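Structure assessment
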Amino acid sequence: MFDDTVGGVLGPGAGASASGAGLIRRRRRRWVRGVGLGVAVVVIGAAGVGWAVYAKLDSNITPDNAAAAELARYEKERPTALVKGAQNILLIGSDSRSGDGNAEYGRDSGTERSDTTILLHLAADRRSATAVSLPRDLMVDVPGCLRPDGTRTEPMFAMFNYAFQVGGSGCTIRTVEKLTNVRIDHHMVVDFHGFKDMVDAVDGVDVCLKAPIRDKAAKLRLPAGKVTLDGEQALGYVRARKSLGNGSDTDRMDRQQGFLGALVNKVQSDDVLFNPVKLYPVLDAATSSLTTDPELANLRGLYELVRGLRNIPTEHVQFLTVPRESYIYNANRDQLVEPEAEKLFARLRADATVAVTKQVPQDSVANARNTAPGSGVSPAPTFRGNTAAEDTCG
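Quick notes on the rules
- Residues numbered from 1 in each chain as written.
- Predicted model: local features only at pLDDT ≥ 70, side-chain atom pairs only at ≥ 80, totals over all residues.
- Heavy atoms only, no water.
- Disulfide = S-S within 2.5 Å.
- Helix = DSSP H or I, 4+ residues; strand = E, 2+ residues; numbered from the N terminus.
- Buried < 20%, exposed > 50% of the residue type's maximum accessible area, 1.4 Å probe, protein only.
- Pairing = 2+ DSSP bridges.
- Axes fitted to C-alpha atoms, helices over the stretch in contact; angles between N-to-C directions.
- Parallel < 35°, antiparallel > 145°, perpendicular 65-115°, else oblique.
- Left-handed = near helix turned anticlockwise from the far one by under 90°.
- Contact = heavy atoms within 4.5 Å.
- Nonpolar A, V, L, I, M, F, W, Y, C, P; charged D, E, K, R; others polar.
- Expected span 1.5 Å × (residues − 1).
- Bend = angle between axes of the 7 residues up to and from the residue.

Taken as a whole and assessed by the stated rule, the structure comprises one disulfide. For cysteine 145, the disulfide goes to cysteine 171, at an S-S distance of 2.1 Å. The S-S bond linking cysteine 145 to cysteine 171 shows a torsion near 75°; that makes this disulfide right-handed. Note that cysteine 145 is positioned in the loop between β5 (139–142) and β6 (156–159) and cysteine 171 in helix α5 (residues 162–180), a separation of 26 residues in sequence. A residue is classified by how much of its surface remains accessible, and cysteine 145, at 0% relative accessible area, is buried. On the basis of relative accessible area, cysteine 171 is assigned to the buried category, the value being 0%.

Listed below in structure tokens is the structure:
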């Protein structure tokens, strides 16, 4: 997604049936409630696009074979999935300066870091989706991982984004699984260029600013009030740190989450999904920016993942940051707040309800809701966060 810092269609001819175009239109209306890329892919599949378009979009996605091999090597160490049908997808924003359009953001040092990482949990009943941001500066145990040059690192206690720098997505997944004990089913990696193209493909995303922004580092000069951000501005907005909010990583992640909610709403809008002129660029930008596990590295694989998402209302698409606080030995680093973080991870593992609200006492710390005595129902912890249905201008 960003620095400082989210499938397949049916095969050729599968969109045609004896029921004709009327059925296709009705299916498109039902599917409009899906989420982001998945919805768009399903819609274009239902419309029965030509094989050439299908092949182009299908070939855009890059399979992450190196990560698959690394995870297979350590399969016995990985957590076990506890709830059939629930899915956990790790979304990784790469700050790579290599590739088209990325060099302008800094020198290509040959390495990259995951300055935004989101653990996306899809409930087994596909009635909710929970996106948990993991701070890049979180101090964690990083296992020994395979470097690009074929050598292996030693296990060490380091900042979370170190895992991606030394071992790519495979190392990041192993680090997240060690931290959360949550089994990662799939992963997606996107860079600067892909993020910008996705925003531009939907003709920008609306945000509301309480004050003007003047940030030379982020190349932002924006007025107060409601503004439509293009891809370049959006990238600066989600990366900016010094000129927006209190300058903390937590504040920046809150801003990123609000932006992603607005992007989900924009992609879901009829104006995008039912306008072929706009729809193809969205799909082309989304798929071109993706590196995924081999199972998802084709349109059919993505379709299998997202086909159940069509009925998730935006109020059940939730964003939050893992409970964190300043690291005890370095205020510029983060550490988990316990036992609140483990409560969150346990609920993700069990596919249990997670609730979010804008204001929870003690910042990101979770609080349990009051439960009637003797009810036998475990209280559902509430975390500070937001939903995709919330208006950023509210």
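We now examine the pairing of strand β2 (residues 87–94). Most of β2 is tucked away, with eight of its eight residues classed as buried. Along β2, one buried face is formed by Gln87, Ile89, Leu91 and Gly93 and the opposite face, lined by Asn88, Leu90, Ile92 and Ser94, is buried too. The sheet contact formed by β2 and strand β7 (residues 186–190) spans five bridges and is parallel. For leucine 90, the partnering residue across the bridge sits in β7 and is histidine 187.

Further remarks concern the packing of helix α4 (residues 65–73) against α5. In contact at an axis separation of 7 Å, α4 and α5 are set at 40° when each is read in the N-to-C sense. The orientation of α4 relative to α5 falls into the category oblique. Helix-helix and strand crossings are classified by hand; for α4 and α5 the assignment is right-handed. Of α5, the residues touching α4 (which contributes Ala67, Glu70 and Leu71) are Ser169, Gly170, Ile173 and Arg174. The class makeup of the residues in the contact of α4 with α5 is three nonpolar, two polar and two charged.

Right, let's talk about α5 for a bit. The end-to-end C-alpha separation of α5 is 17 Å, well short of the 27 Å expected for 19 residues at 1.5 Å each. The largest bend along α5 measures about 135° and falls at glycine 168. Among the 19 residues in α5, 15 count as buried, and that is most of the element. At the C-terminal side of α5, asparagine 181 shows a positive phi close to 60°.

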